[in-house]
Amino acid sequence: MGFYLTPEQEALRKEIRKLAEEKVAPRAADIDRSGEYPWDIQKLLASQGLLGYAIPEEYGGSGADLLSCCVVGEELARICATTSLIFVVQKLAVYPIVIAGSEETKHEYLPAAARGEILAAFCLTERESGSDAGATRTMARRAGDVYVINGQKCFITNGGLAKLHSVFCMTDPDKGYRGISAFCVGEVEGLSVGKIEDKMGLRAAQVAELVFDDCRVPVENRLGEEGSGFVTAMKTLDNSRPLVGAQALGIAQGALECAVDWARERQAFGRPIGTLQGVGFMLADMATEVEAARLLVYKAASMADRKDPDLSIFSAMSKMKASDTAMQVTTDAVQVMGGYGYMRDHPVERMMRDAKVTQIYEGTNQVQRLVISRAMLK
Ligand code: COS
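Residues numbered from 1 in each chain as written. Predicted model: local features only at pLDDT ≥ 70, side-chain atom pairs only at ≥ 80, totals over all residues. Heavy atoms only, no water.

1. As for the overall build of the protein
Reasoning step 1: The helix and strand tally for the protein stands at 10 helices and 10 strands.
Reasoning step 2: For 378 residues, the compact-globule estimate of 2.2 N^0.38 gives 21 Å, and the C-alpha radius of gyration of the protein, at 21 Å, lies within 12% of that figure.
Reasoning step 3: Projected onto its principal axes, the C-alpha coordinates of the protein cover approximately 80 × 45 × 40 Å.
Reasoning step 4: Evaluated residue by residue, the protein yields a buried proportion of 56% over its 378 residues.
Reasoning step 5: When contacts within the protein are restricted to residue pairs at least 6 apart in sequence, those whose partners lie at least 24 apart make up 75%.
Reasoning step 6: Element-wise, carbon and sulfur atoms account for 52% of the exposed surface of the protein, whose accessible area totals about 17000 Å².
Reasoning step 7: Each charge class in the protein can be summarised by its mean position, and for the 43 positive and 50 negative side chains these summaries are 3 Å apart. (Helix = DSSP H or I, 4+ residues; strand = E, 2+ residues; numbered from the N terminus. Rg over C-alpha atoms; globule rule 2.2 N^0.38 Å. Buried < 20%, exposed > 50% of the residue type's maximum accessible area, 1.4 Å probe, protein only. Contact = heavy atoms within 4.5 Å. Areas by Shrake-Rupley, 256 points an atom, 1.4 Å probe, with all protein chains shown as cover. Lys, Arg positive; Asp, Glu negative; His and termini not counted. Charge placed at Lys NZ, Arg CZ, Asp CG, Glu CD.)

2. As for the environment of A100
Reasoning step 1: Tracing the backbone through its elements, the reader meets A100 in helix α4 (residues 81–100).
Reasoning step 2: Under the relative-accessibility criterion, A100 is labelled buried at 18%.
Reasoning step 3: Between the C-alpha atoms of A100 and P38, which are 62 residues apart in sequence, the distance is 31 Å.
Reasoning step 4: Not counting the four nearest positions on each side in its chain, A100 is found in contact with L223, G224 and T232.

3. Topic: the site of the ligand
Reasoning step 1: Looking at the ligand, there are 22 residues lining it, with S131, Y177, R178, D238 and R374 nearest.
Reasoning step 2: Here A133 contributes a backbone N or O atom positioned 3.5 Å from an oxygen atom of the ligand.
Reasoning step 3: S312 has a polar side-chain atom sitting 3.1 Å from a nitrogen atom of the ligand.
Reasoning step 4: Relative to its free-state accessible area of 1000 Å², the ligand is covered by the protein chains to the extent of 68%.
Reasoning step 5: If you list the elements that add at least two residues to the shell around the ligand, you get α6 (229–265) and α10 (365–377).
Reasoning step 6: Here the shell around the ligand gets six residues from one element, more than from any other, and that element is α6.
Reasoning step 7: A per-class count over the shell around the ligand returns 12 nonpolar, five polar and five charged. (Near = heavy atom within 4 Å. Polar contact = N/O pair within 3.5 Å; in protein donor to acceptor, adjacent residues only side chain to side chain. Nonpolar A, V, L, I, M, F, W, Y, C, P; charged D, E, K, R; others polar.)

4. Thoughts on the packing of aromatic side chains
Reasoning step 1: Tallied over the entire structure, the rule returns six aromatic pairs.
Reasoning step 2: Judged by centre distance (6.4 Å) and plane angle (45°), the rings of Y53 and F87 are tilted. Of the two residues, Y53 is situated in the loop between α2 (39–47) and α3 (66–79) and F87 in helix α4; the sequence distance between them amounts to 34 residues.
Reasoning step 3: On the accessibility criterion, Y53 (15% relative accessible area) is buried. (Phe/Tyr/Trp six-rings, centres within 6.5 Å; stacked < 30°, edge-to-face > 60°.)

5. Points about the side chain of N365
Reasoning step 1: Along the polypeptide, N365 turns up in helix α10.
Reasoning step 2: The class of N365 is buried, set by a relative accessible area of 2%.
Reasoning step 3: Here D324 takes part through its side chain, which lies 2.8 Å from a polar atom of the side chain of N365.
Reasoning step 4: The residues touching N365, leaving out its near neighbours within four places in the chain, are K319, M320, S323, D324, T358 and Q359.

6. Regarding the nonpolar core
Reasoning step 1: Judged by nonpolar contacts, the single largest core of 91 residues is most densely connected at F87 and I149.
Reasoning step 2: Among the elements that make up this core, the one with the highest residue count is α6 (12 residues).
Reasoning step 3: Grouped together as the second largest cluster of nonpolar side chains are 29 residues, A120, L124, A182 and F230 included. (Core = buried A, V, L, I, M, F, W, Y, C linked by side-chain atoms within 4.5 Å.)

7. Brief notes about helix α1 (residues 7–34)
Reasoning step 1: Across its 28 residues, α1 extends 38 Å between first and last C-alpha, which sits within 8% of the 40 Å expected from 1.5 Å per residue.
Reasoning step 2: Helix geometry: α1 is bent most strongly at V24, by close to 55°, with proline P26 lying one to four residues after it.
Reasoning step 3: For α1, every residue scored as buried is listed here: Q9, L12, R13, I16, L19, A20, V24, A28, I31 and D32.
Reasoning step 4: In this structure, the buried residues of α1 make contact with α2, α3, α4, α7 (277–305) and α9 (347–358). (Expected span 1.5 Å × (residues − 1). Bend = angle between axes of the 7 residues up to and from the residue.)

8. Things to note about the packing of α6 against helix α8 (residues 311–342)
Reasoning step 1: In contact at an axis separation of 7 Å, α6 and α8 are set at 20° when each is read in the N-to-C sense. With respect to α8, the axis of α6 lies roughly parallel. The two elements α6 and α8 cross, and the hand of that crossing is left-handed. (Axes fitted to C-alpha atoms, helices over the stretch in contact; angles between N-to-C directions. Parallel < 35°, antiparallel > 145°, perpendicular 65-115°, else oblique. Left-handed = near helix turned anticlockwise from the far one by under 90°.)

Right, dumping it as structure tokens:
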């Protein structure tokens with residue numbers, strides 16, 4: 001088992017850290033406060049080739065492995081979780097097309113996504129089926145050489161901004177999850193935006209309801225066989241959860257650094273507060289948890305890159321551990337900074353709000369525990 005990144009990955013970390021510190025950091029608080037989608041940052045990521053970073057080279061991307069993607073996602077999140085999410089979601093949403101799309105579909109849609117000219121969205125969740133992804137109700141009925149899609153998806157990141165969607169629909173309700181099929185949906189008549197959510201954190205990421213009203217999608221846009229959609233969704237999540245773990249890890253790392261800086265500078269009882277045992281021990285625990293989460297995230301990503309058959313369990317563990325760590329560490333960072341940490345003048349307040357959703361999206365941490373325990377008991 002290797003415990004080190006390659007020299008190329010270390011160089012990548014340095015490069016992304018520099019980019020994030022120079023170009024993203026000055027915008028981070030503003031992005032959060034305005035709640036407006038940061039198109040300037042989206043363009044920045046596109047100009048660096050990061051929106052196509054995980055897309056295979058033959059479709060215009062860089063074909064990066066998941067471990068390298070995790071390094072990028074972590075470094076962006078260390079400064080701004082919303083920026084990291086732009087990167088994470090593009091990879092998540094194109095993945096079903098990469099693994100299950102026809103060559104024609106891939107050539108038609110992926111190059112524009114790789115250039116960052118279009119945003120992508122992963123459309124699985126519905127009001128009545130969040131954790132129970134197999135209970136999808138959005139229908140796709142075959143009518144000759146098209147499918148007609150009707151239904152609603154909710155909590156869709158990039159909803160209303162994306163021009164490319166991976167959509168999971170029921171094609172045969174009698175078959176339960178075996179009746180779910182995946183589709184690649186571009187800009188299509190009948191697709192509209194419903195409620196745009198007002199969120200606790202990741203304030204500037206657009207999360208919306210999408211309404212499909214008689215949307216006609218060519219049969220060729222189906223991703224894989226009819227009925228294979230649920231497994232495609234699960235495989236996609238297996239390959240994306242470590243990246244959400246990396247995002248959570250980056251948030252935790254950013255908060256830890258803020259807390260350490262503060263504990264070094266802030267004086268109380270005649271000395272820096274970090275030298276008080278109550279604070280110093282907190283910092284030690286925070287740093288240890290962050291490192292433990294990092295090992296699990298990198299291990300899961302490496303397993304994905306090696307197509308390890310035990311990926312599911314480690315992918316779930318990495319997302320769960322890193323997001324629980326992010327929540328704990330950001331909360332502790334606010335505590336170390338006391339009243340100052342609670343105020344919007346300092347980034348830890350934003351980081352604590354941003355951390356919360358990492359315990360929820362890409363499968364709640366309760367779902368991760370389900371995946372892990374089921375695999376253990378098999
Ligand atoms: N890879 C490949 N196949 C998988 C799989 C995986 N990771 N996970 C499950 N499957 C297969 C199973 O093998 C089973 O197939 P067979 O019946 O042919 O054996 C089938 O899929 C059904 O699996 P399972 O019985 O485990 O499904 P459940 O309905 O019990 O639930 C959970 C599965 C809860 C794990 C799933 O619904 C889930 O991940 N939910 C969370 C969804 C989510 O993350 N949403 C967030 C969206 S992005 S913000």
